[in-house]
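# Results of the structural survey
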Amino acid sequence: MSHMHRRTFLAGSAATAAVAAAAPYVHAQKKGGTLKFVPHADLKILDPIWTTAYITRNHGYMIFDTLFALDGNLKLQPQMVDKWSVSANNMKYSFTLRDGLKFHDGQAVTAEDCVASLKRWGAKDAVGRLFMASIGKMAPTDRKTFTIELETPFGLVLDALGKPSASPSFMMPARLAATDPNEQVKEVIGSGPYRFVKDEWQPGNKVVYLANKDYVPRNENPSGAAGGKRVLVDRVEWRYIPDALTASSALEAGEVDYWENVPLDFAPGLERNPNVTIFVTDPRGSQGILRPNHLQPPFNNKKARQALLHMVDQAYYLQAVIGSAKYYKVCPGVFMCGGMPYEFSTGAPGKQDLDRARRLLKEGGYDGRPITVLDPADSPYAHAPALVTAEMLKKLGANVDLQAMDWSTMVARRGKKEPPAQGGWNIFHTWATSFDVMTPAVASVLSGAGDKAWFGWPTSEEMEKLRTAFTREPDAGKRRQIAEQVQKLAFDEVPFVTWGQFVVPGAFRKNVQGVLQFGATLLWNISV
Amino acid sequence: MLPLIARRVLATIPVMGVVALTVFALLHLTPGDPAAIIAGDYAAPQDIAKIRSALGLDKPLLTQVGVWLGNVVRGDLGTSIYSGLPVTTLIAQRVGPTIALTLFAMVFSVAVAVPLGVWAAWRQGSWIDRLIMLLSVSGFSMPVFWLGFLLVWVFAIQLSVLPVQGYQPMAAGPWQFLRHLILPALTLSLVYMALIARMTRASMLGVLKEDYVRTAFAKGLAPQRVLLGHALKAASLPVVTIIGLGFALLIGGAVVTESVFALPGIGRLTVDAIVRRDYPVIQGVVLIISGVYVLLNLVIDLLYVALDPRIRY
């Protein structure tokens, strides 16, 4: 290892020290008790590698730990890793684990566990696959150290190890990481701040976690998913309450402490309650997505997709979907706005221009056939934009077939490549949290891999080249330039259209302190 | 009696078989893909295909139904596609709250509605009769979810005397158990109460016109004795039928009530499974519920024999 220089290590350490020095940890919160938490969905799947569902990711953060993690300012910090180094040519990395890391079954976390976990994650996650494809050798060198030797350049090694969302590279024992990534692990054993209590797990009702007394937090202040994960409660109970009015009433009556996602029409009522605080845990929020089907006319034609770009007035969509201006913002960039690492306005269309949209739709060969818009009526952030899109398309003179269905039907239907008349589709709407769209590498909506791309199946060799160049580029400045080119290309080829950026607030009672801001819900550092 | 029970129990087997096949066919004809839901919103199509294959959902429908029926015959209802837990475990986790809720609601309904129905019939045409019928029409017309939220607002939010939601098993103490059931049971029972009261009244009105009732009054028997000892027994057959069928209504109503009060019962298990297309869970629950219905019908038939000696099967 002597031939490796310590540039990255020093940079990482300096950043860590800066975080620690900027906000010295003052312990004023009380300890003990039970945090009663109402999650946004029911936890049915326990393996965060098997699914990309956000609820399982949040569960993953309770149970598992990561080698690196993003802090509140989206800077990568070491988490399970104590020190690391990288060779001068950025082709060989070495990572050494912190002392005292233990799995919930009492076994020490070893480098072998980390290598096995990375392999399982890398077989499943989109960024993980790119990472694994660039690796020549990954192996432990002793119980606490492992090395990664790249075969082809990969500039996002630390970013991959600290990937914050669906799916983070969580570490698990090697015996569990040996499970086929297309099957669920049979046990839930991590080395994170909480233990999962399987006997008390009732899918559809309750999930119970106990503080992991063996967990050794880092010394730094907690910040995002990085820093010291201090557990201040003895027990956390997730209580799934499917009805929003019931959840709201339970919070007001003090039967629960923290409600993760408050529907926006409930926020004004809770804001009036002096015992409740409304709080935006993810200030960057989510991006609304309108996805055209690139295989079927008219949106197999670039001009017709550009018509959608000029049709969308984000403010109009956001007012219809979200309603309150304090919870949304108009954002021209494809990588979102508000302190994002790749925030640009390059290539963005100006104001809504329906005349131009009409002209482009016609030039795109639209022949008057019905445009099928999928409308999952049980999902407010997909239903409302579907209604607005249908209205806007009619303004363009299009014949619209708005098909109401439930979310489960929609996720099956969008996988169909057939023409709309044979069960396919033309447009669907969804949304993604900032972590899943903030770089060209993680943004599935930008993939131009044709059949292998995300639903809608855009084909763009140029986009794939740029995305590959982005992942291989070790220099952060150059990566930024590539990301800007990606955005420019995205506004020309229009793989998707964003209908705006919004946040969903949470609410907790006054006794709850220390809630962290992050793009995933984190339940350490909280006292009740 | 025993041959009757044996015959009827045996007759349930083809009924359950038809139910099982119908449910299986309906579910698999319904659009939706559990593999796509499991994989998550940003999974690649090829990952969804792998999960579908791992779960056996890509096999021909006949193979899937064969495997499932084979397991059911061996008493194995399968495992949840999502949680990986056995369906029997999930049902066992949820059956307690639903039984407690339906029984509580049933006892409450019968205890209130039958006397009211008898009283209304006895005072036919009076203001008492009209008031009881007005209340029963109102109760019957009130949406369960609306009533539930109204009760929560009054008793849990404004008066803070009862909890908003949740369930506590008997092991947590009788009072904890009961106080979590009062509002859901009241919500659930009101519709049912109205139904029983109206049926009791109608049935009693018919019986009160019978000669033997007139004779009983002519003999100078006390009205309570005539009403409860003679008339009610004869009028009880349709009431018992309604009570039995009402269990079915209660289980249906429990779906809404369990959602409003966040009770972890069979109703919510079913709804969650339907929303996510968790086929084994839906099939298992429907099979069990249909079995309960068949058994309830058997119990009602047996009660007929006990209440009316003229009835023979």
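Here the residue numbering is sequential within each chain, running from 1 through the sequence in written order. Here chains are named by letter from A upward and ligands by number from 1 upward, in the order in which they appear as written. Owing to the predicted nature of the model, reporting of local features is limited to residues with pLDDT of at least 70; listing and counting of side-chain atom pairs is limited to 80 or more, with chain, interface and lining totals taken over all residues. Calculation of side-chain values draws on the structure's entire complement of heavy atoms; hydrogens and water are dropped beforehand.

### Some remarks on the overall build of chain B
Convention followed: The secondary structure listing takes helices from DSSP runs of H or I that are at least 4 residues long and strands from runs of E that are at least 2 residues long, numbered from the N terminus. Exposure classes here rest on a 1.4 Å probe applied to the protein chains alone. A residue is buried below 20% of its type maximum, exposed above 50%, and partly exposed in between. All accessibility values rest on the Shrake-Rupley procedure with a 1.4 Å probe; residue burial counts only the protein chains present in the view. Charge convention: Lys and Arg are scored as positive, Asp and Glu as negative, and His as well as the terminal groups of each chain are ignored. A charged residue contributes its charge at one atom only: NZ of Lys, CZ of Arg, CG of Asp or CD of Glu.
On a plain count of helices and strands, chain B comes out with 12 helices and 0 strands. Order of helices (α) and strands (β) in chain B, N terminus to C terminus: α-α-α-α-α-α-α-α-α-α-α-α. Projecting the C-alpha coordinates of chain B onto the three principal axes gives extents of approximately 85 × 55 × 35 Å. Here chain B holds 313 residues, and the buried ones make up 50% of them. Total accessible area on chain B is roughly 14900 Å²; 72% of this is exposed by carbon and sulfur atoms. Between the centroid of the 22 positive side chains of chain B and the centroid of its 13 negative side chains there is a distance of 12 Å.

### Quick notes on helix α4 (residues 126-134) of chain A
All names here are of chain A. Let me state the cut-off plainly: The arc in question is traced by the directions running from the helix axis to the C-beta atoms. By the convention used here, residues are in contact when the closest approach between their heavy atoms is within 4.5 Å. For the purposes of these results, a polar contact is taken to be a pair of N or O atoms within 3.5 Å, where, inside protein, one atom must be able to donate a hydrogen and its partner to accept one; residues adjacent in sequence count only when each atom of the pair is a side-chain atom.
Residues Val127, Gly128, Phe131 and Ser134 constitute the buried set of α4. Summarising the axial view, the buried residues of α4 lie within an arc of 130 degrees, below the 170-degree limit, and thus occupy one face. Here the buried face of α4 lies against α3 (111-122), β7 (135-140), β8 (145-150) and α5 (157-161). Taking the backbone nitrogen of Val127 as reference, a side-chain oxygen 3.0 Å away marks Asp125 as the first, capping residue of α4.

### Details of the pairing of β7 of chain A
Residue and element names in this part refer to chain A. Note the cut-off: By this definition, two strands are paired if DSSP reports at least two bridges between them.
One ladder, built from 5 bridges, connects β7 with β8; its direction is antiparallel. The residue bridging Pro140 from the neighbouring strand is Phe146, located in β8. A loop of 4 residues connects β7 with β8, the two strands running antiparallel in sequence.

### A look at a nonpolar patch on the surface
Quick reminder of the rule: Residues with no salt bridge and a relative accessible area higher than 30% make up the patches, which join like charges within 9 Å and nonpolar side chains (Val, Leu, Ile, Met, Phe, Trp, Tyr) within 5 Å. The rule for a salt bridge is simple: a side-chain nitrogen of Lys or Arg has to be within 4 Å of a carboxyl oxygen of Asp or Glu.
Together, Trp127, Leu131, Leu134 and Leu135 of chain B make up an exposed nonpolar region whose accessible area comes to about 480 Å². With respect to the element layout, Leu131 of chain B can be found in helix α6 (residues 127-141).

### What to know about the sheet that holds strand β14 (residues 276-279) of chain A
Pairing is mixed across the open sheet formed by 7 strands, whose spatial order is β10-β11-β12-β1-β13-β21-β14 (chain A). Among the strands making up the open sheet, the edge pair consists of β10 (194-196) and β14 of chain A.

### Considering the confidence of the model for chain A
Heads up, the rule is: Each residue gets a pLDDT score, which is the predictor's confidence in that residue and runs from 0 to 100.
Averaged over every residue, the pLDDT of chain A is 91; residues scoring 70 or more account for 95%. Low pLDDT, under 50, characterises residues 1-26 of chain A; the predicted model gives this stretch 40 contacts beyond four residues in sequence or across chains.

### Describing the state of the cysteines
Put plainly, a disulfide is one covalent bond tying together the sulfur atoms of two cysteines. All names here are of chain A. How we decide: For the purposes of this analysis, a disulfide is any pair of cysteine sulfur atoms at a distance within 2.5 Å.
Summed over all chains, the structure comprises 1 disulfide over all chains. A sulfur-sulfur distance of 2.1 Å marks the disulfide that ties Cys331 to Cys337. Given an S-S torsion of about 80 degrees, the disulfide between Cys331 and Cys337 has right-handed geometry.

### Regarding the nonpolar core
Spelled out, the test is: For this analysis, a nonpolar core means a set of buried residues of the types Ala, Val, Leu, Ile, Met, Phe, Trp, Tyr and Cys, connected via side-chain atoms within 4.5 Å.
Membership of the largest hydrophobic core comes to 249 residues, with the highest contact counts inside it found for Leu67, Phe95 and Met311 of chain A. Residues within four places of Met311 of chain A in sequence aside, it is in contact with Leu290, Tyr317, Gln352, Leu354, Ala357, Thr389, Met392, Leu393 and Leu396 of chain A.

### Looking at the interface of chain A and chain B
The cut-off we apply is this: The term buried area refers to how much accessible surface (probe radius 1.4 Å) is lost by two components on association, counted for both of them together. As a working rule, the residues Ala, Val, Leu, Ile, Met, Phe, Trp, Tyr, Cys and Pro are called nonpolar, Asp, Glu, Lys and Arg charged, and the rest polar, with Gly in that last group.
Listed by partner, the interface residues are 45 residues for chain A and 42 residues for chain B. Both sides of the chain A and chain B interface together cover about 3700 Å² of buried area, and 55% of this is carbon and sulfur. In this assembly, chain A and chain B are joined by 3 salt bridges. Among the ionic pairs, Asp272 of chain B bridges to Lys44 of chain A, the shortest N-O distance being 3.9 Å. One can count 16 residue pairs in polar contact (both at pLDDT 80 or more) joining chain A with chain B. Here the residues of the side of chain A that touches chain B are counted per class, giving 22 nonpolar, 13 polar and 10 charged.

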